[in-house]
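# Topology and contacts: notes
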Amino acid sequence: MPFPIYIGWGLLAPVCLSLFYGSLSYPAMKALGYQPNHSVRYRISVYLFPMLLFLGWGMFNIPLPLMYILAFLEKMFRIDRKNMGYTKELILVNLSHLTSMALHMILIGVFSLILRMPMNELLRQPFWRILTICSVLAANSLLTLLIPHTDIVGEVFRTQAESAEVRPFLIFLWFCNAFLLVDSVLCISSIDWRLLPLFLVGSTVLLEFYLIRFLKHLYNLLKEHYVEEEHRSLMKKLEQQKQDAAKLRSRSERDPMTKVFTRRYVLEQTEFLLKAKKPFSFVYLDLDHLKQINDKEGHEAGDLYISRFAEEFSRMLRKTDIFSRVGGDEFVVLLPGCEEEKAAERMEAIRSRLSEEFHPPYSFSYGIFYVSGRNAHSVEQIFRSADLAMYQDKQARES
């Protein structure tokens, strides 16, 4: 019989190992960044097709090249071409099929050398067919079991498998698969050459050596890109955190209604100028007639009056001046390097302009306390003195 059939308990070994290998493929594929399909069709392709293929090869002496082609087509059948990681899947299929073929042919060649039996005669015996394929399935299962625990390798493959550097490697994998497929013809040929198995093992090991070197070089290259991308991502996150922190700090330094600085901020800046012993004028402002506006038009109108006053007053200040709201209708202006007389001139000019150019006019009272930088004052003393001067100005203007 050209194709004798083997029926026996030995067939359970490839069946069980193929099912075990299929069950391990899910976590391994997830670790490599590919989300496997959970449909019935896909599960059949993962479990049933490989099991039937290995079972059939254990029962029949299917020509080895045909066996490899069927195994490759079975893996290609699982690829989802609509998936964004199409290149990644092609690499997985080609690399896994290549390593499986290489290991299988090395085992056939080694057993042939040990037993001093031609490779085609070896493959005619079901025991050796089953033993070689089970050894490959066991090795693949062990490798698949280790993949989820190789965090950095999986992360590099997940993030870099679609990069341009991978495409030459994919072409190289296609070439290696074709080369080994041609080499597999030697396993079933009737060439009477005792060193044929040694030639097959040597050429396959040499191919695997160059594959490993290529793969190592590619991994180092992709890892470098991965580290660079991680660095850029980390710097982007740090920059975003800085921006968020700046926004929070700005919110804490700015009055929500008027958008000028807060009481806390102006007191901190006053303390800073005192420690630096720099001269400045501290101006305390209080809006006039706000109570009448609130009583006649409501508090919304009063809030709008305060906001517009703060906006117009801010436009008349220098960039170095610090304008803050310290109470309901009370404000403070910190004028660094400005003497008391000059500060008074500026306040009078601003008050006249706001009263004449706007309707309703913006009217305010102010008090100034000048710090020369040589005398020692506390922030509280400065605040109280300017407040008292403002109160005196208000009384003088109302009398």
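The rules we used
Residues numbered from 1 in each chain as written. Predicted model: local features only at pLDDT ≥ 70, side-chain atom pairs only at ≥ 80, totals over all residues. Heavy atoms only, no water. Core = buried A, V, L, I, M, F, W, Y, C linked by side-chain atoms within 4.5 Å. Buried < 20%, exposed > 50% of the residue type's maximum accessible area, 1.4 Å probe, protein only. Helix = DSSP H or I, 4+ residues; strand = E, 2+ residues; numbered from the N terminus. Contact = heavy atoms within 4.5 Å. Axes fitted to C-alpha atoms, helices over the stretch in contact; angles between N-to-C directions. Left-handed = near helix turned anticlockwise from the far one by under 90°. Arc of directions from axis to C-beta. Patch = residues over 30% accessible without salt bridge, like charges linked within 9 Å, V, L, I, M, F, W, Y side chains within 5 Å. Areas by Shrake-Rupley, 256 points an atom, 1.4 Å probe, with all protein chains shown as cover. Salt bridge = Lys/Arg side-chain N within 4 Å of Asp/Glu carboxyl O. Pairing = 2+ DSSP bridges. Expected span 1.5 Å × (residues − 1).

### Quick notes on the nonpolar core
As a rule of thumb, soluble globular proteins bury nonpolar side chains together. One finds Trp57, Leu64, Ile108, Phe169, Leu180 and Cys187 to be the most contacted residues of the largest nonpolar core, which totals 47 residues. Within the residue set of this core, elements represented by two or more residues are α2 (40-59), α3 (64-78), α4 (86-115), α5 (119-124), α6 (126-146), α8 (166-183), α9 (185-188) and α10 (196-253). Among the elements that take part in this core, α4 stands out by supplying ten residues, more than any other. If sequence neighbours within four positions are ignored, tryptophan 57 has contacts with Ile62, Leu64, Met67, His104, Leu123, Arg129, Thr132 and Ile133. Ranked by size, the runner-up nonpolar core spans 27 residues in total, among them Leu287, Cys338, Ile350 and Tyr362.

### What to know about the packing of helix α11 (residues 263-276) against helix α15 (residues 379-398)
Where α11 contacts α15, the axes come no closer than 10 Å and their chain directions differ by 115°. The two elements α11 and α15 cross, and the hand of that crossing is right-handed. Where α11 abuts α15, its residues Arg263, Leu267, Thr270, Glu271 and Leu274 lie against Val379, Ile382 and Phe383.

### Considering helix α12 (residues 290-297)
Given 3.6 residues per helical turn, the α-helix brings residues three or four places apart onto the same face. The complete set of buried residues in α12 reads Leu290, Ile293 and Asn294. Angular distribution of buried residues about the axis of α12 spans 100°; they occupy a single face of the element. Counted as exposed and oriented over 90 degrees from the buried face of α12: Lys291, Asp295 and Lys296. In the core, the buried residues of α12 are packed alongside α13 (299-315). Of the residues one or two after α12, glycine 298 is the one with positive phi, at around 100°.

### Let's talk about a nonpolar patch on the surface
Among the surface-exposed residues, Leu113, Ile191, Trp193, Leu195, Leu198 and Phe199 lie close enough to one another that they form a single nonpolar patch of about 590 Å² accessible area. If you trace the backbone, isoleucine 191 turns up in the loop between α9 and α10.

### Description of the sheet that holds strand β3 (residues 322-325)
Taken together, five strands build an open sheet; the order of strands is β1-β3-β4-β2-β5 and the sheet is mixed. Strands at the two margins of the open sheet, each flanked by one partner only, are β1 (261-262) and β5 (364-371). Pairing of β3 with strand β4 (residues 330-336), which is carried by four bridges, proceeds in the antiparallel orientation. Looking at β4, one finds that arginine 325 is bridged to phenylalanine 331.

### What about α8?
Across its 18 residues, α8 extends 26 Å between first and last C-alpha, which sits within 8% of the 26 Å expected from 1.5 Å per residue. Among all positions in α8, only Val166, Phe169, Leu170, Phe172, Leu173, Cys176, Asn177, Leu180 and Asp183 are buried. Seen along its axis, α8 keeps its buried residues to an arc of 160°; they face one direction. Exposed residues on α8 whose side chains face more than 90 degrees from its buried face are Arg167, Ile171, Phe175 and Val182.

### A short note on the pattern of salt bridges
In this structure the tally under the stated criterion is 14 salt bridges. Residue glutamate 348 pairs with arginine 351 through a salt bridge whose shortest N-O separation is 2.8 Å. Separated by three residues within a single helix, glutamate 348 and arginine 351 lie in helix α14 (residues 340-357), roughly one turn from each other. Look at glutamate 348 and you get partly exposed, because its relative accessible area is 35%. Here arginine 351 falls in the buried class, since its relative accessible area comes to 9%. When salt bridges that share partners are traced, they join Asp286, Asp288, Lys394 and Arg397 into one network.

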